[in-house]
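Inside the fold
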Amino acid sequence: MPKNIVVIGAGVAGLTTALLLSKRPGYKIHVAAKHMPGDYDIEYASPWAGANYMPVSISGTPAAKWDSNTWGPLADLAQNHPEAGFHFQECEIHSRAKDIGSATATWFAELLSSNPWFAKVVPNFRSLPKESLGPGIDSATSFTSVCINTAIYLPWLASQCLANGVTFKRATFEHIRDATAPGAHPSGKVDLVVNCTGLMASKLGGVEDETVVPARGQIVIVRNEAGKMLDVSGTDDGDNEACYVMTRAAGGGTILGGSYQKGNWESQPDPSLAVRIMKRAVAMCPSLTDGKGIEHLDIIRHGVGLRPVREGGTRIERETIGNVRVVHNYGAGGAGYQSSYGCAQDAVDLIEEVFEPRSRL
Ligand code: FAD
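You'll find the protein chain entered in an unreviewed UniProt entry as D-amino-acid oxidase, with Penicillium salamii given as the organism. In UniProt, the protein chain has this text filed under Catalytic activity (unreviewed entry): "a D-alpha-amino acid + O2 + H2O = a 2-oxocarboxylate + H2O2 + NH4(+)".

Given below as structure tokens:
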């Protein structure tokens with residue numbers, strides 16, 4: 001008998017988990033979520049992401065394993081599936097000695113290293129010669145990464161799921177057990193719930209994980225092109241602000257970021273932060289405006305997304321809540337895309353363990 005699975009959440013975590021599970025036999029998968037691809041909402045992080053592959057995970061941790069296991073699938077999408085909205089792009093990481101010890105530089109420690117674990121994973125990793133660096137930059141590395149047009153990729157993931165027989169429905173759950181109520185799954189009684197609720201795992205009844213908090217990211221999306229992705233170890237405008245630039249695939253515009261404001265739930269763009277973001281971006285990447293000022297940026301929109309940061313990292317775990325069997329996959333922080341396949345694969349393995357524990361001995 002096929003097992004009836006409800007996946008709560010249609011962000012990158014829920015969709016990737018549903019897609020990988022749909023490739024295994026024996027499951028009828030139903031994705032139920034308050035927000036779906038196409039929506040823009042403060043409770044839905046996935047559309048706001050850049051998104052690129054720029055690991056900050058520390059060598060030897062589960063997070064580094066998830067990131068490492070995700071590079072292959074993302075590179076395959078960029079290489080072989082243009083309809084998914086990926087392209088390869090060179091990525092430069094700039095370090096300023098004065099940022100050492102700051103919140104951003106500490107968060108970025110592995111990324112800023114001249115020999116990070118992912119140097120062996122991504123193509124063309126190298127240190128850049130000092131004489132090629134701009135003013136104020138003390139060292140830099142470069143590698144080939146991918147940049148994802150999330151406005152294409154999220155619907156693509158949903159389409160791949162639909163092609164494999166996954167069903168979708170809008171639903172808002174107060175408590176995780178509501179996902180097993182009569183009628184919650186079109187095929188009948190629910191055998192297991194996959195919790196991919198991101199930041200809202202902090203509010204979902206039965207889960208209410210207080211260790212999940214927002215890290216507010218404000219962005220400006222412009223029509224100007226950057227040519228390559230750039231990121232720097234810090235800014236002169238405060239510890240919780242950041243400076244990065246990436247041009248999305250397939251006409252998705254260029255993302256100028258940003259901020260990393262922990263504990264801040266504000267959904268509206270802050271106009272003065274937007275000006276600082278644009279000024280820093282054109283200073284770091286003059287080719288955006290041919291060396292001219294921010295009035296030469298052609299703005300598509302301002303945006304705010306909340307990264308679902310979890311103390312202790314992403315939660316990929318089995319749990320029984322009341323009498324509901326649950327597998328969690330939430331709390332990816334700023335790494336939801338770059339860890340997506342690694343996390344989803346582990347979540348799928350846990351689901352298989354629930355139903356076939358002996359085959360894994
Ligand atoms: P979400 O996308 O938030 O999805 C949660 C889903 O759960 C939604 O469908 C929601 O409706 C549903 N849901 C929640 N609660 C309920 C409920 N009670 N009932 C029903 N449905 C519910 N990551 C990268 O890898 N690379 C990047 O370059 C990158 N850049 C970023 C830049 C910014 C500005 C931001 C904000 C994030 C960035 N991220 C990046 C992080 C990435 O966006 C997140 O880690 C990822 O989107 C989290 O996905 P998710 O599926 O867990 O959560």
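Once the structure has been displayed, the description carries forward.
A few words now on the pairing of strand E2 (residues 27-33). Among the seven residues in E2, six count as buried, and that is most of the element. Both E2 and strand E6 (residues 167-170) contribute to a ladder of four bridges, which runs parallel. Along E6, the bridge assignment pairs Val31 with Phe168.

Helix length check: helix H5 (residues 150-163) (14 residues) gives 20 Å between terminal C-alpha atoms against 20 Å at 1.5 Å per residue, within 8%. Regarding H5, the residues found buried are Thr150, Tyr153, Leu154, Trp156, Leu157, Ala158 and Cys161. Of the surrounding secondary structure, the elements contacted by the buried residues of H5 are helix H1 (12-22), helix H2 (62-80), strand E3 (86-95), strand E5 (139-148), E6 and helix H7 (340-355). Gly165, located one to two residues past H5, shows a positive phi value of around 95°.

UniProt records the feature "binding site: FAD" (unreviewed entry) at Thr197, using the numbering of this structure. Among the secondary structure elements, Thr197 is positioned in the loop between strand E7 (192-195) and strand E8 (212-222). Residue Thr197 is classed as buried on the basis of its relative accessible area, which comes to 17%. Not counting residues up to four positions away in its chain, the partners in contact with Thr197 are Ile8, Leu204 and Tyr330. Of the polar contacts made by the side chain of Thr197, one reaches the side chain of Asn195; its length is 2.7 Å.

What follows deals with the pattern of salt bridges. This model, assessed by the stated rule, comprises 18 salt bridges. Taking the shortest distance from any N to any O, the salt bridge between Glu43 and Lys34 comes out at 3.0 Å. Classification of Glu43 by relative accessible area gives partly exposed; the value is 31%. A network of salt bridges, in which partner residues are shared, links Arg96, Lys98, Asp99 and Asp236.

Formed by 70 residues in total, the largest nonpolar core has its most connected members in Ile5, Phe86, Tyr153 and Ile351. Among the elements that line this core, the one with the most residues is H7, at nine residues. Once you skip the residues sitting within four places of it in the chain, Tyr153 turns out to touch Val12, Leu77, Ala84, Phe86, Ile148, Tyr337 and Tyr341. Counting residues in each nonpolar core, the second largest holds 22 residues, with Leu230, Ala281, Met284 and Leu297 among its members.

Moving on: H7. With 16 residues, H7 extends 23 Å between its outermost C-alpha atoms, agreeing within 8% with the 22 Å of an ideal straight helix rising 1.5 Å per residue. Of all 16 residues that make up H7, 13 are buried, and the element is covered over most of its length.

A word on the sheet that holds E7. Ordered in space as E6-E2-E1-E7-E15-E14, the six strands form an open sheet in which the pairing is mixed. One side of each edge strand has no neighbouring strand; the edge strands of this open sheet are E6 and strand E14 (315-321). The sheet shows a mean angle of 20° between the axes of neighbouring strands, direction not considered. Bridge count between strand E1 (residues 3-8) and E7: four bridges; the pairing is parallel. When the sheet's bridge partners are listed, Ile5 is paired in E7 with Leu192.

On strand E9 (residues 229-232), burial covers both faces: Met229 and Asp231 on one face and Leu230 and Val232 on the other are all buried. Summarising the sheet, E3 and E9 pair through four bridges and their orientation is parallel. Note that in E9 the partner of Cys91 across the bridge is Met229. Where E9 lies against strand E10 (residues 241-247), two bridges are found, and the strand directions are antiparallel. Following the sheet pairing, Asp231 is matched in E10 by Tyr244.

Now for the site of the ligand. As a matter of local geometry, the ligand sits amid 40 residues, with His35, Ser46, Gly333, Tyr337 and Gln338 nearest to it. Between the ligand and Ala45 there is a distance of 2.9 Å, counted from an oxygen atom to a backbone nitrogen or oxygen. Within the backbone of Phe173, an N or O atom sits 2.9 Å from a nitrogen atom of the ligand. About the coverage of the ligand: the protein hides 96% of its 1,000 Å² of free accessible area.

Parameters and conventions
Residues numbered from 1 in each chain as written. Predicted model: local features only at pLDDT ≥ 70, side-chain atom pairs only at ≥ 80, totals over all residues. Heavy atoms only, no water. UniProt positions renumbered as here; feature names shortened; annotations may be inferred. Buried < 20%, exposed > 50% of the residue type's maximum accessible area, 1.4 Å probe, protein only. Helix = DSSP H or I, 4+ residues; strand = E, 2+ residues; numbered from the N terminus. Pairing = 2+ DSSP bridges. Expected span 1.5 Å × (residues − 1). Contact = heavy atoms within 4.5 Å. Polar contact = N/O pair within 3.5 Å; in protein donor to acceptor, adjacent residues only side chain to side chain. Salt bridge = Lys/Arg side-chain N within 4 Å of Asp/Glu carboxyl O. Core = buried A, V, L, I, M, F, W, Y, C linked by side-chain atoms within 4.5 Å. Axes fitted to C-alpha atoms, helices over the stretch in contact; angles between N-to-C directions. Near = heavy atom within 4 Å. Areas by Shrake-Rupley, 256 points an atom, 1.4 Å probe, with all protein chains shown as cover.

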